[in-house]
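Spelled out, the chains give:
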Amino acid sequence: MVYIILGEGFEEIEALAPCDLLRRGGVEVRLAGVGDYEITGGRGINVIADCLLEDIDLGSADMIVVPGGLGGVQTIEGTPKALEIVKAAYDLGKLVCAICAGPRVLAKIGILKGKKAVCYPGMEDEMTGGIMTQEAPVIRDGNIITARGAGAGIDFGLALLEALKGKEIADKVKNGIYY
């Protein structure tokens, strides 16, 4: 099970493209809304979450995803329960993934320390403890996967799918969407 945390003002491409690709690859994904089921993204697209943040079951989770979008990131950072869930997922050895401004959440809870990561260009100074690079659109270091920004939404989604289902399934989905 993958949970994608949606805070008000999240970046739609960074949440929905990975959700779509993971589901195409046979992964169960739940969009988890912070504070409500109806969450408005940074571009004004209203999304109905599958569950609330409080409904996340870390026992069934394989992966937690934090999309970017400064509004969404600020919502998550301002919600202690969200920070607790992301940290607990990491501590349990689950995959913890973030894109664009999302890695800032990982830095805030101290799990980016010593990890090679990527973020939205220009935000590197906010990634306390991370070993920041821009050498690739997506970077995996252990159980953390990070990506650069909205333009890397498909690459991010395919990397998440590969981490869960393997390269063969990820390539099948990639070829199926003619990417």
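Look up a bit, the structure's there.
### Some remarks on helix α5 (residues 153–165)
- Helix length check: α5, at 13 residues, gives a terminal C-alpha distance of 18 Å against a target of 18 Å (1.5 Å per residue), a fit within 8%.
- Every buried residue of α5 is accounted for by Gly153, Phe156, Gly157, Leu158, Leu160 and Leu161.
- Residues of α5 that are buried sit in contact with α1 (12–24), β6 (63–66), β7 (95–99), β10 (138–141), β11 (144–147) and α6 (167–176).

### Brief notes about the state of the cysteines
- For the coordinates displayed, the defined rule picks out 0 disulfides.
- With no disulfide of its own, Cys51 lies closest to Cys19 among cysteine sulfurs, the gap being 11 Å.
- Unpaired in terms of disulfides, Cys119 finds its nearest cysteine sulfur in Cys100, a separation of 8.3 Å.
- Accessibility expressed as a relative area gives 0% for Cys119, which makes it buried.

### Looking at the pairing of β10
- Note that β10 and β11 share 4 bridges and pair antiparallel. Counterpart to Asp141 in the pairing with β11 is Ile144.
- The antiparallel hairpin formed by β10 and β11 contains 2 residues in its connecting segment, where Gly142 sits at a positive phi of about 65 degrees.

### Quick notes on unusual backbone geometry
- Of note in the backbone geometry, Cys100 takes a positive phi value of approximately 65 degrees without being a glycine.
- Counting through the fold element by element, Cys100 comes out in the loop between β7 and α4 (103–108).
- The exposure class assigned to Cys100 is buried, which follows from its relative accessible area of 10%.
- For Tyr178, which is not a glycine, the phi torsion comes out positive at approximately 55 degrees.
- With respect to the secondary-structure elements, Tyr178 resides in the segment after α6.

What counts, and where the lines are drawn
- The residue numbering used here restarts from 1 in each chain and proceeds along that chain's sequence as written.
- Per-residue local features of the predicted model are confined to residues with pLDDT of at least 70, and side-chain atom pairs are confined, for both listing and counting, to 80 or more; whole-chain, interface and lining totals are unaffected and use all residues.
- Processing note: side-chain calculations cover all non-hydrogen atoms of the structure and skip hydrogens and water entirely.
- Numbered from the N terminus, helices here are DSSP runs of H or I no shorter than four residues, and strands are runs of E no shorter than two.
- Here, expected helix span is obtained from the residue count minus one, scaled by 1.5 Å.
- Three labels apply to residues, based on accessible area from a 1.4 Å probe with only protein chains included: buried if under 20% of the type maximum, exposed if over 50%, partly exposed otherwise in between.
- By the convention used here, residues are in contact when the closest approach between their heavy atoms is within 4.5 Å.
- Only a pair of cysteine sulfur atoms within 2.5 Å counts as a disulfide in this structure description.
- By the convention used here, strands pair only if DSSP detects at least 2 bridges between them.

Note that all results are geometric; they support no functional claim without further evidence.
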